[in-house]
Amino acid sequence: MQIVGNIGLTGNFQKRSSDEGSAANFWRWGTVILFGIGIALITASLISNIVGQSTINLLLIRIAIGVAITLPAIYTAKESARHRTNSDRAKQIELELASLTPFIE
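What you see is a predicted model; the values in this text were computed from it and never measured.

## Regarding the pattern of salt bridges
And then number 1: Summed over the entire model, instances satisfying the criterion amount to three salt bridges.
And then number 2: Between aspartate 19 and lysine 15 there is a salt bridge, with its nearest N and O atoms 2.9 Å apart. Of this pair, aspartate 19 and lysine 15 both sit in helix H1 (residues 2–48), separated by four residues, roughly a single helical turn.
And then number 3: By relative accessible area, which is 41% here, aspartate 19 ends up partly exposed.
And then number 4: When its relative accessible area of 52% is taken as the criterion, lysine 15 is described as exposed.
And then number 5: A salt bridge links arginine 82 to glutamate 79, with the shortest nitrogen-to-oxygen separation between them at 2.7 Å. Of this pair, arginine 82 and glutamate 79 both sit in helix H2 (residues 55–104), separated by three residues, roughly a single helical turn.
And then number 6: Since its relative accessible area comes to 42%, arginine 82 is described here as partly exposed.
And then number 7: Since its relative accessible area comes to 14%, glutamate 79 is described here as buried.

Calculation rules
- Residues numbered from 1 in each chain as written.
- Predicted model: local features only at pLDDT ≥ 70, side-chain atom pairs only at ≥ 80, totals over all residues.
- Heavy atoms only, no water.
- Salt bridge = Lys/Arg side-chain N within 4 Å of Asp/Glu carboxyl O.
- Helix = DSSP H or I, 4+ residues; strand = E, 2+ residues; numbered from the N terminus.
- Buried < 20%, exposed > 50% of the residue type's maximum accessible area, 1.4 Å probe, protein only.

Written out as C-alpha cells, the structure is:
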C-alpha cells in the first residue's frame, strides 16, 4: 500500500523530470548542431578567401555568418539549461516526497 501511495504522490514529478530531461537533451543537440554548422560555414569562408574577395566583403560575410549562427545557438543553450533546471527541480521534489512517509514514521 505504501509503494502505491508513493508512486501516486511522486509519479507526476517523475514523469515531469523525464520529460524535461528529454527536452533539455533535444535543445542541447540543437545547440551542438548549430555550432557545427557555424564552424563549417566559417571554415568554408576561410577556404574561399583564397579566391580573392575584397577584405570588407569577406569581413561582412563572416560577421553575418557569426551572428546568424551564434544567436540561435545561444537561445538553444539557454533553453537546454532551463529544461535541465526544471528536470533537476522535479527530481528533487520527487525524492523529497518519496522520503516524506519514512521520515514521518
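Still to come is the rest of the account.
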